[in-house]
Amino acid sequence: TLLMELERTPDTGWRIRRLVNGQQVVRDFRAAQVARMEAKRKDIVEKNAAVTARFQRDFPIRDCSAEAGVISDGKTLLLVLRVQAHNNGSVRVNNMNFEATVLGPDGHELLRRQCNAVAPIGPGEDLDHRWTVELDAASPPGRAVRAAGTLACRAAWKTLGLANGEVLHITDKPPLVEELR
């Protein structure tokens with residue numbers, strides 16, 4: 001509800017002098033916006049949890065490994081990510097996207113990469129695929145990977161495209177707009 005203080009003018013009729021409850025209207029609007037954004041985030045989190053459970057049930061990642069080495073030019077670092085998974089589902093997986101997090105021996109995150117593949121994997125079949133990531137050996141990520149020595153990898157599915165037309169996808173959560181806080 002808007003409460004306005006009005007003034008009658010001799011030539012133009014009524015004129016709004018001020019909004020009496022303007023601060024309350026702004027507070028109510030902000031609270032409604034934050035509630036709407038939180039509800040949207042909650043829906044996304046619930047959907048992502050259901051999709052993640054399906055990923056783990058139907059196409060679990062069994063292993064992710066990472067190895068790196070500098071090639072003969074001395075400037076290029078090749079990082080090889082290997083992912084192994086198994087299709088426990090009843091539908092062929094046609095394509096996939098996952099996020100690989102490369103970790104040092106202490107568990108510290110060195111870098112993240114999105115990896116994609118079009119590789120039909122039928123029900124009961126295994127995925128054993130390698131992705132090569134080229135890095136400048138002198139760049140900060142390249143130096144971090146080289147200095148780490150032994151690498152570990154953590155992989156998480158982002159998208160699976162199934163042969164029946166279904167797409168399983170993890171949606172990014174939108175940030176709450178800070179100016180509404």
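In this report, we go over the structure that sits alongside the text. (Residues numbered from 1 in each chain as written. Predicted model: local features only at pLDDT ≥ 70, side-chain atom pairs only at ≥ 80, totals over all residues. Heavy atoms only, no water.)

**Examining the sheet that holds strand 3 (residues 61–70)**
As a reminder of what qualifies: Whether two strands pair comes down to DSSP finding at least two bridges between them. Runs of E in the DSSP output that reach at least two residues are strands. Runs of H or I that reach at least four are helices, and both are numbered from the N terminus. Here an angle of 0 to 180 degrees is reported between the N-to-C directions of two axes, which are lines fitted to C-alpha atoms, with helices fitted over the stretch in contact.
The strand order across the open sheet formed by three strands is 3-4-7, and the pairing between neighbours is antiparallel. Lying at the two open borders of the sheet, with one neighbouring strand each, are strand 3 and strand 7 (126–136). Neighbour-to-neighbour, the strand axes of the sheet open up by a mean angle of 15°, direction not taken into account. Pairing of strand 3 with strand 4 (residues 76–86) involves nine bridges; the strand directions are antiparallel. Within the sheet, the bridge partner assigned to Cys64 lies in strand 4 and is Val83.

**Some details on the side chain of Asp58**
As a reminder, the rule being used: Each polar contact in these results corresponds to two N or O atoms within 3.5 Å; when the atoms are within protein, one needs to be able to donate a hydrogen and the other to accept it, and residues that are neighboring in sequence are counted only if both atoms are side-chain atoms. What makes two residues a contact is simply this: any of their non-hydrogen atoms within 4.5 Å.
Examined against the element boundaries, Asp58 turns out to sit in helix 1 (residues 22–58). Separated by 2.9 Å, the side chains of Asp58 and Arg57 make a polar contact. When residues no more than four places from it in sequence are discounted, the contact partners of Asp58 are His86, Asn87, Asn88 and Gly89.

**Concerning the environment of Ala163**
Position of Ala163 relative to the elements: it lies in the loop between strand 8 (152–162) and strand 9 (167–169). With 73 residues separating them in the primary sequence, Ala163 and Ser90 have C-alpha atoms 10 Å apart.

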